[in-house]
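Next come the chains, spelled out residue by residue.
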Amino acid sequence: MAKVSIFWFRRDLRLHDNAGLYHALRGAHPVLPLFIFDREILDDLESPKDARVEFLHDTLAGMKESLEQEGHSLLVRYGFPKEIWPALLKEFDVAAVYTNRDYEPYAKKRDQMVRELLDNAGIPFHDFKDHVIFEAEEVQKKTGGNYTVFTPYSRTWKEVLNNRMDSFTNPDGEQQEISYYLKPYPVEAYASHFLETEPLPMPTLEDMGFEPTDIEIPPKSVSRGLIRTYDETRDIPAINGTSRLGIHFRFGTISIREKAWRAKQLNDTFLNELIWRDFYAQILDEHPHVAERSFRPKYDYVPWRNDEADFKKWCEGKTGYPIVDAGMRELNATGYMHNRVRMITASFLTKHLLIDWRWGEAYFAKKLLDFDLSSNNGGWQWAAGSGTDAAPYFRVFNPYSQQKKFDKDFKYIKKWVPEFGTDRYPEPMVEHKMARERCLEAYKSGLEKA
Ligand code: FAD
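Bear in mind the structure is a predicted one, so any value in this text is a computation, not a measurement. (Residues numbered from 1 in each chain as written. Predicted model: local features only at pLDDT ≥ 70, side-chain atom pairs only at ≥ 80, totals over all residues.)

1. Quick look at the packing of helix 4 (residues 81–91) against helix 5 (residues 105–120)
Then comes step 1: Across the interface, helix 4 lies against helix 5 with an axial gap of 10 Å and an inter-helix angle of 25 degrees. One finds that helix 4 runs roughly parallel with respect to helix 5. In this structure, helix 4 meets helix 5 at a crossing whose hand is right-handed. Contacts between helix 4 and helix 5 involve Pro81, Lys82, Trp85 and Pro86 from the former and Arg110, Met113, Val114 and Leu117 from the latter.
Then comes step 2: Residue composition of the contact of helix 4 with helix 5, by class: six nonpolar, no polar and two charged. (Axes fitted to C-alpha atoms, helices over the stretch in contact; angles between N-to-C directions. Helix = DSSP H or I, 4+ residues; strand = E, 2+ residues; numbered from the N terminus. Parallel < 35°, antiparallel > 145°, perpendicular 65-115°, else oblique. Left-handed = near helix turned anticlockwise from the far one by under 90°. Contact = placed C-beta atoms within 7 Å. Nonpolar A, V, L, I, M, F, W, Y, C, P; charged D, E, K, R; others polar.)

2. Examining the packing of helix 10 (residues 256–266) against helix 11 (residues 268–286)
Then comes step 1: Closest axis-to-axis distance for the helix 10/helix 11 pair is 7 Å, and the angle between their directions is 145 degrees. For the element pair helix 10 and helix 11, the recorded crossing hand is left-handed. Residues Ile256, Lys259, Ala260, Ala263, Lys264 and Leu266 of helix 10 touch helix 11, and the partners they reach there are Phe270, Leu271 and Leu274.
Then comes step 2: Partitioning the contact of helix 10 with helix 11 into residue classes produces seven nonpolar, no polar and two charged.

3. Observations regarding the UniProt feature "domain: Photolyase/cryptochrome alpha/beta" (unreviewed entry) in the protein
Then comes step 1: Per the UniProt record, the feature "domain: Photolyase/cryptochrome alpha/beta" (unreviewed entry) sits at residues 3–133.
Then comes step 2: Secondary structure across residues 3–133 divides into 43% helix and 24% strand, with the first and last C-alpha atoms of the span separated by 33 Å. (UniProt positions renumbered as here; feature names shortened; annotations may be inferred.)

4. So, the confidence of the model for the protein
Then comes step 1: Per-residue pLDDT for the protein averages 97, and the proportion of residues at 70 or more is 100%.
Then comes step 2: With pTM at 0.98, the complex prediction returns an ipTM value of 0.99. (pLDDT = per-residue confidence, 0-100.)

5. A look at the site of the ligand
Then comes step 1: Taken together, 27 residues sit near the ligand, with Thr242, Ser243, Asn339, Asn376 and Gly379 positioned nearest.
Then comes step 2: Counting only elements with at least two residues in the shell around the ligand, the list comes to helix 9 (246–251), helix 11, helix 14 (339–352) and helix 16 (373–384).
Then comes step 3: Here the element with the most residues in the shell around the ligand is helix 16; it accounts for six residues.
Then comes step 4: Residues of the shell around the ligand, tallied by class, amount to 12 nonpolar, eight polar and seven charged.
Then comes step 5: When we break the shell around the ligand down by domain, the ones giving at least three residues each are domain 2 (132–183 + 223–286) and domain 3 (290–445). (Near = placed C-beta within 6 Å. Domains from an automatic or database assignment.)

Quick look at the structure:
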(Lines give C-alpha, C1' and ligand atoms only; values in the text may rest on other atoms or scores of the structure.)
Protein backbone atom coordinates (compact mmCIF):
# COMPACT_ATOMS: atom_id res chain seq x y z
CA MET A 1 0.00 0.00 0.00
CA ALA A 2 1.43 3.38 -1.03
CA LYS A 3 1.87 6.08 1.58
CA VAL A 4 -0.70 8.91 1.32
CA SER A 5 -1.35 12.28 2.87
CA ILE A 6 -4.95 12.89 3.87
CA PHE A 7 -6.53 16.29 3.36
CA TRP A 8 -9.52 16.61 5.66
CA PHE A 9 -12.24 18.95 4.30
CA ARG A 10 -14.59 20.54 6.84
CA ARG A 11 -15.87 24.05 6.18
CA ASP A 12 -13.71 24.71 3.11
CA LEU A 13 -15.51 22.76 0.42
CA ARG A 14 -13.73 23.89 -2.71
CA LEU A 15 -10.96 22.68 -4.97
CA HIS A 16 -9.55 26.12 -5.68
CA ASP A 17 -7.83 28.73 -3.49
CA ASN A 18 -7.74 26.44 -0.45
CA ALA A 19 -4.76 26.94 1.91
CA GLY A 20 -4.60 23.51 3.56
CA LEU A 21 -5.27 21.64 0.34
CA TYR A 22 -2.53 23.61 -1.43
CA HIS A 23 0.01 22.68 1.25
CA ALA A 24 -1.08 19.03 1.21
CA LEU A 25 -0.66 18.81 -2.56
CA ARG A 26 2.81 20.33 -2.34
CA GLY A 27 3.84 17.70 0.22
CA ALA A 28 5.80 14.53 -0.52
CA HIS A 29 2.91 12.08 -0.88
CA PRO A 30 -0.18 11.69 -3.08
CA VAL A 31 -3.20 13.28 -1.45
CA LEU A 32 -6.37 11.44 -0.52
CA PRO A 33 -9.12 14.03 0.12
CA LEU A 34 -11.57 13.16 2.90
CA PHE A 35 -14.85 14.46 4.29
CA ILE A 36 -16.56 13.10 7.41
CA PHE A 37 -20.31 13.55 7.93
CA ASP A 38 -19.87 13.97 11.67
CA ARG A 39 -22.56 12.26 13.74
CA GLU A 40 -21.62 14.37 16.77
CA ILE A 41 -23.18 17.22 14.76
CA LEU A 42 -25.76 15.46 12.60
CA ASP A 43 -27.35 13.54 15.49
CA ASP A 44 -28.30 16.87 17.10
CA LEU A 45 -30.29 18.07 14.08
CA GLU A 46 -34.01 17.78 14.75
CA SER A 47 -35.39 17.42 11.26
CA PRO A 48 -34.52 14.81 8.62
CA LYS A 49 -35.17 17.60 6.13
CA ASP A 50 -32.19 19.85 6.65
CA ALA A 51 -31.23 21.94 3.65
CA ARG A 52 -27.69 22.42 4.99
CA VAL A 53 -26.97 18.69 5.07
CA GLU A 54 -28.46 18.38 1.60
CA PHE A 55 -26.29 21.28 0.40
CA LEU A 56 -23.17 19.64 1.86
CA HIS A 57 -24.07 16.36 0.21
CA ASP A 58 -24.70 17.97 -3.20
CA THR A 59 -21.48 19.99 -2.97
CA LEU A 60 -19.39 16.93 -2.08
CA ALA A 61 -20.98 14.89 -4.87
CA GLY A 62 -20.00 17.66 -7.31
CA MET A 63 -16.42 17.80 -6.01
CA LYS A 64 -16.14 14.02 -6.16
CA GLU A 65 -17.35 13.98 -9.72
CA SER A 66 -14.84 16.57 -10.87
CA LEU A 67 -12.00 14.71 -9.11
CA GLU A 68 -13.12 11.47 -10.74
CA GLN A 69 -12.94 13.00 -14.20
CA GLU A 70 -9.19 13.24 -13.64
CA GLY A 71 -8.71 9.74 -12.18
CA HIS A 72 -8.89 10.77 -8.51
CA SER A 73 -11.72 10.61 -5.98
CA LEU A 74 -13.05 11.85 -2.65
CA LEU A 75 -13.43 9.64 0.40
CA VAL A 76 -16.68 10.41 2.25
CA ARG A 77 -17.37 8.75 5.58
CA TYR A 78 -20.37 8.96 7.95
CA GLY A 79 -19.87 8.43 11.69
CA PHE A 80 -18.00 9.66 14.75
CA PRO A 81 -14.52 11.11 14.12
CA LYS A 82 -13.23 9.31 17.22
CA GLU A 83 -14.09 6.00 15.53
CA ILE A 84 -13.41 6.95 11.92
CA TRP A 85 -9.85 8.17 12.42
CA PRO A 86 -8.47 5.00 14.05
CA ALA A 87 -10.15 3.00 11.25
CA LEU A 88 -8.56 5.20 8.57
CA LEU A 89 -5.12 4.67 10.08
CA LYS A 90 -5.62 0.90 9.73
CA GLU A 91 -6.99 1.17 6.20
CA PHE A 92 -4.36 3.50 4.74
CA ASP A 93 -0.66 4.03 5.20
CA VAL A 94 -0.99 7.65 6.30
CA ALA A 95 2.14 9.81 6.12
CA ALA A 96 0.57 13.12 7.18
CA VAL A 97 -2.79 14.81 7.70
CA TYR A 98 -3.60 18.33 6.52
CA THR A 99 -6.61 20.49 7.30
CA ASN A 100 -7.85 24.07 7.74
CA ARG A 101 -8.52 25.45 11.21
CA ASP A 102 -12.01 25.78 12.66
CA TYR A 103 -12.48 28.08 15.66
CA GLU A 104 -15.66 26.68 17.22
CA PRO A 105 -15.27 25.08 20.66
CA TYR A 106 -16.49 21.65 19.51
CA ALA A 107 -14.21 21.68 16.45
CA LYS A 108 -11.19 22.64 18.55
CA LYS A 109 -11.84 19.77 20.95
CA ARG A 110 -12.32 17.31 18.10
CA ASP A 111 -9.14 18.44 16.37
CA GLN A 112 -7.17 18.10 19.60
CA MET A 113 -8.41 14.52 19.93
CA VAL A 114 -7.34 13.73 16.35
CA ARG A 115 -4.01 15.46 16.85
CA GLU A 116 -3.27 13.29 19.89
CA LEU A 117 -4.27 10.14 18.06
CA LEU A 118 -1.98 11.01 15.16
CA ASP A 119 0.82 12.06 17.50
CA ASN A 120 0.71 8.65 19.13
CA ALA A 121 1.06 7.05 15.71
CA GLY A 122 3.93 9.40 14.82
CA ILE A 123 1.91 11.10 12.06
CA PRO A 124 2.12 14.89 11.71
CA PHE A 125 -1.10 16.94 11.72
CA HIS A 126 -0.72 20.22 9.78
CA ASP A 127 -3.44 22.87 10.12
CA PHE A 128 -3.77 26.18 8.28
CA LYS A 129 -5.67 29.44 8.30
CA ASP A 130 -8.22 29.50 5.50
CA HIS A 131 -11.63 30.39 6.90
CA VAL A 132 -10.80 33.98 7.85
CA ILE A 133 -8.49 36.69 6.56
CA PHE A 134 -6.97 37.22 10.01
CA GLU A 135 -6.85 35.09 13.11
CA ALA A 136 -6.93 36.62 16.59
CA GLU A 137 -3.18 37.07 17.06
CA GLU A 138 -2.77 38.83 13.70
CA VAL A 139 -4.97 41.81 14.62
CA GLN A 140 -3.94 42.89 18.08
CA LYS A 141 -4.11 46.11 20.05
CA LYS A 142 -0.92 48.16 20.10
CA THR A 143 -0.78 47.45 23.82
CA GLY A 144 -1.28 43.72 23.18
CA GLY A 145 -4.34 41.51 23.50
CA ASN A 146 -7.23 41.06 21.14
CA TYR A 147 -9.86 43.67 20.36
CA THR A 148 -13.33 43.39 21.80
CA VAL A 149 -14.74 46.50 20.11
CA PHE A 150 -15.35 46.46 16.39
CA THR A 151 -14.36 49.95 15.16
CA PRO A 152 -10.73 49.96 16.34
CA TYR A 153 -10.49 46.29 15.34
CA SER A 154 -11.56 47.07 11.78
CA ARG A 155 -9.09 49.96 11.56
CA THR A 156 -6.18 47.73 12.55
CA TRP A 157 -7.51 44.92 10.34
CA LYS A 158 -7.24 47.23 7.32
CA GLU A 159 -3.80 48.46 8.33
CA VAL A 160 -2.47 44.91 8.63
CA LEU A 161 -4.01 44.02 5.27
CA ASN A 162 -2.38 46.94 3.49
CA ASN A 163 0.99 46.64 5.20
CA ARG A 164 2.12 43.65 3.24
CA MET A 165 1.70 43.97 -0.50
CA ASP A 166 2.78 41.37 -3.00
CA SER A 167 2.34 40.70 -6.69
CA PHE A 168 0.66 37.79 -8.36
CA THR A 169 -0.16 36.62 -11.85
CA ASN A 170 -3.92 36.67 -12.35
CA PRO A 171 -5.75 34.08 -14.52
CA ASP A 172 -5.37 36.39 -17.55
CA GLY A 173 -1.61 36.21 -17.17
CA GLU A 174 -1.29 39.81 -15.94
CA GLN A 175 0.92 40.83 -13.03
CA GLN A 176 -1.10 42.42 -10.27
CA GLU A 177 -0.47 44.11 -6.92
CA ILE A 178 -2.39 42.46 -4.12
CA SER A 179 -2.26 42.28 -0.36
CA TYR A 180 -0.19 39.23 0.61
CA TYR A 181 -3.15 38.06 2.72
CA LEU A 182 -5.56 38.01 -0.23
CA LYS A 183 -3.35 36.11 -2.64
CA PRO A 184 -5.11 32.98 -3.90
CA TYR A 185 -3.51 29.56 -3.33
CA PRO A 186 -2.98 28.02 -6.79
CA VAL A 187 -4.32 24.55 -6.01
CA GLU A 188 -4.90 23.81 -9.71
CA ALA A 189 -1.18 23.85 -10.45
CA TYR A 190 -0.71 20.79 -8.20
CA ALA A 191 -3.93 18.92 -9.04
CA SER A 192 -1.99 15.96 -10.43
CA HIS A 193 -0.77 15.23 -6.88
CA PHE A 194 -4.14 13.87 -5.79
CA LEU A 195 -4.04 10.10 -5.25
CA GLU A 196 -4.89 8.08 -8.35
CA THR A 197 -7.77 5.80 -7.48
CA GLU A 198 -10.98 4.18 -8.65
CA PRO A 199 -14.15 6.09 -7.67
CA LEU A 200 -14.78 5.64 -3.94
CA PRO A 201 -18.22 4.95 -2.44
CA MET A 202 -20.21 7.74 -0.80
CA PRO A 203 -23.20 7.45 1.58
CA THR A 204 -26.51 8.75 0.24
CA LEU A 205 -28.60 11.31 2.15
CA GLU A 206 -31.01 8.50 2.99
CA ASP A 207 -28.17 6.30 4.35
CA MET A 208 -27.59 9.04 6.91
CA GLY A 209 -31.29 9.42 7.77
CA PHE A 210 -31.91 12.63 5.81
CA GLU A 211 -34.31 13.54 3.03
CA PRO A 212 -34.21 16.06 0.19
CA THR A 213 -35.84 19.44 0.85
CA ASP A 214 -37.34 22.04 -1.45
CA ILE A 215 -35.31 24.92 0.02
CA GLU A 216 -33.46 26.91 -2.59
CA ILE A 217 -29.76 27.67 -2.05
CA PRO A 218 -28.69 31.16 -3.19
CA PRO A 219 -26.10 31.15 -5.99
CA LYS A 220 -22.36 31.37 -5.32
CA SER A 221 -21.86 34.40 -7.47
CA VAL A 222 -23.14 37.91 -7.04
CA SER A 223 -23.17 40.78 -9.52
CA ARG A 224 -20.61 43.53 -9.26
CA GLY A 225 -23.48 46.02 -9.51
CA LEU A 226 -25.01 44.73 -6.29
CA ILE A 227 -21.72 45.00 -4.41
CA ARG A 228 -21.10 48.46 -5.83
CA THR A 229 -24.41 49.79 -4.47
CA TYR A 230 -24.44 47.60 -1.35
CA ASP A 231 -24.16 50.54 1.06
CA GLU A 232 -27.39 52.04 -0.37
CA THR A 233 -29.46 48.86 -0.58
CA ARG A 234 -28.36 46.65 2.30
CA ASP A 235 -30.85 47.93 4.87
CA ILE A 236 -34.05 47.53 2.87
CA PRO A 237 -35.45 44.01 3.32
CA ALA A 238 -37.93 44.30 0.42
CA ILE A 239 -35.16 44.53 -2.16
CA ASN A 240 -32.45 42.09 -3.12
CA GLY A 241 -29.74 44.37 -1.83
CA THR A 242 -27.41 41.96 -0.04
CA SER A 243 -25.24 39.17 -1.40
CA ARG A 244 -26.91 36.11 0.23
CA LEU A 245 -23.48 34.52 0.22
CA GLY A 246 -23.74 33.57 3.91
CA ILE A 247 -24.11 29.81 3.38
CA HIS A 248 -21.16 29.80 0.98
CA PHE A 249 -18.93 31.58 3.49
CA ARG A 250 -20.14 29.13 6.14
CA PHE A 251 -19.16 26.02 4.22
CA GLY A 252 -16.27 27.53 2.28
CA THR A 253 -17.83 26.96 -1.13
CA ILE A 254 -16.39 30.39 -1.94
CA SER A 255 -13.04 31.81 -0.92
CA ILE A 256 -13.04 34.61 1.66
CA ARG A 257 -9.81 35.96 0.12
CA GLU A 258 -11.37 36.31 -3.30
CA LYS A 259 -14.49 38.04 -1.96
CA ALA A 260 -12.53 40.36 0.33
CA TRP A 261 -10.35 41.35 -2.63
CA ARG A 262 -13.47 42.15 -4.69
CA ALA A 263 -15.00 44.01 -1.77
CA LYS A 264 -11.87 46.08 -1.39
CA GLN A 265 -12.15 47.18 -4.99
CA LEU A 266 -15.89 47.76 -5.09
CA ASN A 267 -17.43 48.75 -1.77
CA ASP A 268 -16.01 49.56 1.64
CA THR A 269 -19.30 48.89 3.44
CA PHE A 270 -19.33 45.35 2.04
CA LEU A 271 -15.72 44.88 3.11
CA ASN A 272 -16.74 46.00 6.60
CA GLU A 273 -19.30 43.20 6.81
CA LEU A 274 -16.60 40.68 5.99
CA ILE A 275 -14.51 42.22 8.75
CA TRP A 276 -17.43 41.68 11.16
CA ARG A 277 -17.21 38.01 10.24
CA ASP A 278 -13.51 37.87 11.19
CA PHE A 279 -14.25 39.92 14.31
CA TYR A 280 -16.82 37.47 15.67
CA ALA A 281 -14.68 34.46 14.73
CA GLN A 282 -11.78 35.80 16.79
CA ILE A 283 -14.11 36.65 19.69
CA LEU A 284 -15.33 33.04 19.78
CA ASP A 285 -11.79 31.74 19.48
CA GLU A 286 -10.42 33.95 22.29
CA HIS A 287 -13.52 34.04 24.52
CA PRO A 288 -15.15 30.63 24.06
CA HIS A 289 -17.39 31.23 27.10
CA VAL A 290 -19.66 33.31 24.82
CA ALA A 291 -21.01 30.07 23.37
CA GLU A 292 -22.69 29.40 26.72
CA ARG A 293 -22.79 32.68 28.61
CA SER A 294 -22.89 36.45 28.17
CA PHE A 295 -19.70 38.08 26.92
CA ARG A 296 -20.22 40.58 29.76
CA PRO A 297 -20.85 38.32 32.75
CA LYS A 298 -23.14 40.68 34.65
CA TYR A 299 -25.78 40.27 31.92
CA ASP A 300 -26.25 36.69 33.05
CA TYR A 301 -28.26 38.14 35.94
CA VAL A 302 -31.09 39.54 33.80
CA PRO A 303 -34.28 37.87 35.13
CA TRP A 304 -35.70 36.47 31.88
CA ARG A 305 -39.44 35.71 31.79
CA ASN A 306 -38.97 32.79 29.36
CA ASP A 307 -42.67 32.33 28.67
CA GLU A 308 -43.10 29.26 26.43
CA ALA A 309 -46.35 30.46 24.84
CA ASP A 310 -44.80 33.84 23.97
CA PHE A 311 -41.79 32.09 22.48
CA LYS A 312 -44.03 29.95 20.26
CA LYS A 313 -45.80 33.05 18.92
CA TRP A 314 -42.45 34.60 18.08
CA CYS A 315 -41.19 31.44 16.34
CA GLU A 316 -44.34 31.18 14.26
CA GLY A 317 -44.47 34.86 13.32
CA LYS A 318 -47.73 35.55 15.18
CA THR A 319 -46.71 38.38 17.50
CA GLY A 320 -49.00 41.03 15.99
CA TYR A 321 -45.92 43.12 15.16
CA PRO A 322 -45.84 42.88 11.36
CA ILE A 323 -42.13 43.51 10.80
CA VAL A 324 -41.26 40.83 13.39
CA ASP A 325 -43.78 38.38 11.94
CA ALA A 326 -42.57 38.97 8.38
CA GLY A 327 -38.99 38.20 9.42
CA MET A 328 -39.87 35.02 11.28
CA ARG A 329 -42.02 33.78 8.41
CA GLU A 330 -39.27 34.53 5.89
CA LEU A 331 -36.88 32.51 8.07
CA ASN A 332 -39.29 29.59 8.45
CA ALA A 333 -40.05 29.45 4.72
CA THR A 334 -36.61 30.03 3.22
CA GLY A 335 -33.86 29.56 5.83
CA TYR A 336 -32.90 33.18 5.33
CA MET A 337 -33.71 36.42 7.13
CA HIS A 338 -32.52 39.86 6.17
CA ASN A 339 -29.91 41.35 8.55
CA ARG A 340 -32.01 44.40 9.50
CA VAL A 341 -34.89 42.11 10.38
CA ARG A 342 -32.61 39.72 12.30
CA MET A 343 -31.76 42.69 14.51
CA ILE A 344 -35.43 43.65 14.97
CA THR A 345 -36.69 40.13 15.71
CA ALA A 346 -33.81 39.44 18.10
CA SER A 347 -34.38 42.69 19.95
CA PHE A 348 -38.10 41.97 20.17
CA LEU A 349 -37.55 38.51 21.66
CA THR A 350 -35.02 39.59 24.25
CA LYS A 351 -36.36 43.00 25.17
CA HIS A 352 -40.11 43.08 24.45
CA LEU A 353 -40.70 39.48 25.52
CA LEU A 354 -37.79 39.18 27.98
CA ILE A 355 -36.83 35.77 26.64
CA ASP A 356 -33.23 34.58 27.09
CA TRP A 357 -31.15 35.34 23.98
CA ARG A 358 -29.98 31.70 23.99
CA TRP A 359 -33.50 30.56 23.09
CA GLY A 360 -33.51 32.80 20.05
CA GLU A 361 -29.96 31.89 19.17
CA ALA A 362 -30.88 28.18 19.21
CA TYR A 363 -33.93 28.77 17.03
CA PHE A 364 -31.89 30.67 14.45
CA ALA A 365 -29.24 27.93 14.57
CA LYS A 366 -31.90 25.40 13.67
CA LYS A 367 -33.32 27.42 10.80
CA LEU A 368 -30.64 29.59 9.18
CA LEU A 369 -28.93 28.25 6.05
CA ASP A 370 -25.99 30.50 6.89
CA PHE A 371 -25.94 29.52 10.57
CA ASP A 372 -22.50 30.14 11.95
CA LEU A 373 -21.89 29.88 15.69
CA SER A 374 -19.63 32.93 15.98
CA SER A 375 -21.75 35.38 13.92
CA ASN A 376 -25.05 34.10 15.27
CA ASN A 377 -23.85 34.34 18.85
CA GLY A 378 -22.37 37.78 18.15
CA GLY A 379 -25.62 38.99 16.60
CA TRP A 380 -27.76 37.69 19.46
CA GLN A 381 -25.54 39.05 22.20
CA TRP A 382 -25.46 42.39 20.39
CA ALA A 383 -29.27 42.48 20.35
CA ALA A 384 -29.54 41.43 24.00
CA GLY A 385 -26.99 44.03 25.07
CA SER A 386 -24.71 41.41 26.61
CA GLY A 387 -22.13 41.24 23.82
CA THR A 388 -18.97 42.94 22.64
CA ASP A 389 -20.18 45.98 20.77
CA ALA A 390 -23.55 46.03 22.41
CA ALA A 391 -25.66 49.14 22.30
CA PRO A 392 -26.58 50.19 25.85
CA TYR A 393 -29.41 47.99 27.12
CA PHE A 394 -31.78 50.94 27.51
CA ARG A 395 -31.81 51.43 23.75
CA VAL A 396 -34.84 49.31 22.82
CA PHE A 397 -35.74 49.07 19.12
CA ASN A 398 -39.22 50.35 18.41
CA PRO A 399 -40.62 47.91 15.83
CA TYR A 400 -43.00 50.55 14.46
CA SER A 401 -40.31 53.12 13.78
CA GLN A 402 -38.03 50.42 12.35
CA GLN A 403 -40.83 49.50 9.94
CA LYS A 404 -41.39 53.16 8.98
CA LYS A 405 -37.72 53.57 8.27
CA PHE A 406 -36.91 50.33 6.47
CA ASP A 407 -40.22 49.06 5.02
CA LYS A 408 -42.25 52.21 4.70
CA ASP A 409 -44.46 50.92 1.87
CA PHE A 410 -45.09 47.61 3.70
CA LYS A 411 -43.68 45.75 0.71
CA TYR A 412 -41.67 43.25 2.73
CA ILE A 413 -44.46 42.86 5.27
CA LYS A 414 -47.10 42.20 2.61
CA LYS A 415 -44.93 39.58 0.98
CA TRP A 416 -44.64 37.51 4.15
CA VAL A 417 -47.79 38.47 6.08
CA PRO A 418 -50.54 38.55 3.46
CA GLU A 419 -53.30 38.83 6.09
CA PHE A 420 -51.78 42.01 7.53
CA GLY A 421 -54.44 44.74 7.61
CA THR A 422 -57.35 42.27 7.70
CA ASP A 423 -59.27 41.04 10.76
CA ARG A 424 -57.34 37.76 10.56
CA TYR A 425 -54.14 39.46 11.70
CA PRO A 426 -53.60 39.24 15.50
CA GLU A 427 -53.46 42.22 17.84
CA PRO A 428 -49.94 43.01 19.19
CA MET A 429 -49.13 40.39 21.84
CA VAL A 430 -47.61 43.03 24.12
CA GLU A 431 -48.04 46.77 24.22
CA HIS A 432 -44.81 48.51 23.16
CA LYS A 433 -44.60 51.09 25.93
CA MET A 434 -45.35 48.62 28.71
CA ALA A 435 -42.87 46.09 27.26
CA ARG A 436 -40.17 48.73 27.04
CA GLU A 437 -40.59 49.76 30.67
CA ARG A 438 -40.74 46.14 31.83
CA CYS A 439 -37.50 45.47 29.96
CA LEU A 440 -35.69 48.44 31.47
CA GLU A 441 -36.73 47.44 34.96
CA ALA A 442 -35.68 43.80 34.49
CA TYR A 443 -32.27 44.71 33.06
CA LYS A 444 -31.69 47.28 35.77
CA SER A 445 -32.55 44.86 38.55
CA GLY A 446 -30.36 42.13 37.00
CA LEU A 447 -27.36 44.39 36.61
CA GLU A 448 -27.73 45.69 40.16
CA LYS A 449 -27.74 42.12 41.46
CA ALA A 450 -24.57 41.24 39.54
P1 FAD B 1 -24.37 40.43 3.21
O2 FAD B 1 -25.03 41.62 3.79
O3 FAD B 1 -24.32 40.32 1.73
O4 FAD B 1 -22.91 40.33 3.82
C5 FAD B 1 -21.89 39.52 3.23
C6 FAD B 1 -21.31 38.57 4.25
O7 FAD B 1 -20.69 39.28 5.29
C8 FAD B 1 -22.32 37.69 4.93
O9 FAD B 1 -22.68 36.58 4.14
C10 FAD B 1 -21.58 37.30 6.20
O11 FAD B 1 -20.64 36.28 5.98
C12 FAD B 1 -20.82 38.58 6.51
N13 FAD B 1 -21.61 39.41 7.45
C14 FAD B 1 -22.51 40.36 7.14
N15 FAD B 1 -23.00 40.93 8.25
C16 FAD B 1 -22.39 40.33 9.28
C17 FAD B 1 -22.46 40.49 10.69
N18 FAD B 1 -23.24 41.40 11.28
N19 FAD B 1 -21.69 39.68 11.45
C20 FAD B 1 -20.89 38.76 10.90
N21 FAD B 1 -20.77 38.56 9.58
C22 FAD B 1 -21.51 39.34 8.78
N23 FAD B 1 -24.43 35.79 9.99
C24 FAD B 1 -24.04 34.55 9.67
O25 FAD B 1 -23.21 34.40 8.76
N26 FAD B 1 -24.51 33.46 10.36
C27 FAD B 1 -25.42 33.59 11.37
O28 FAD B 1 -25.82 32.58 11.95
C29 FAD B 1 -25.87 34.89 11.70
N30 FAD B 1 -26.80 35.08 12.67
C31 FAD B 1 -27.18 36.36 13.00
C32 FAD B 1 -28.11 36.54 14.06
C33 FAD B 1 -28.51 37.82 14.44
C34 FAD B 1 -29.46 38.00 15.60
C35 FAD B 1 -28.00 38.93 13.73
C36 FAD B 1 -28.43 40.32 14.10
C37 FAD B 1 -27.10 38.76 12.69
C38 FAD B 1 -26.69 37.48 12.31
N39 FAD B 1 -25.75 37.28 11.26
C40 FAD B 1 -25.34 36.00 10.96
C41 FAD B 1 -25.14 38.42 10.54
C42 FAD B 1 -25.89 38.85 9.26
O43 FAD B 1 -27.25 39.07 9.55
C44 FAD B 1 -25.78 37.83 8.13
O45 FAD B 1 -24.42 37.52 7.89
C46 FAD B 1 -26.36 38.36 6.82
O47 FAD B 1 -27.69 38.78 6.99
C48 FAD B 1 -26.30 37.25 5.77
O49 FAD B 1 -26.89 37.69 4.58
P50 FAD B 1 -26.02 38.00 3.30
O51 FAD B 1 -25.18 36.80 2.98
O52 FAD B 1 -26.93 38.51 2.23
O53 FAD B 1 -25.08 39.13 3.86
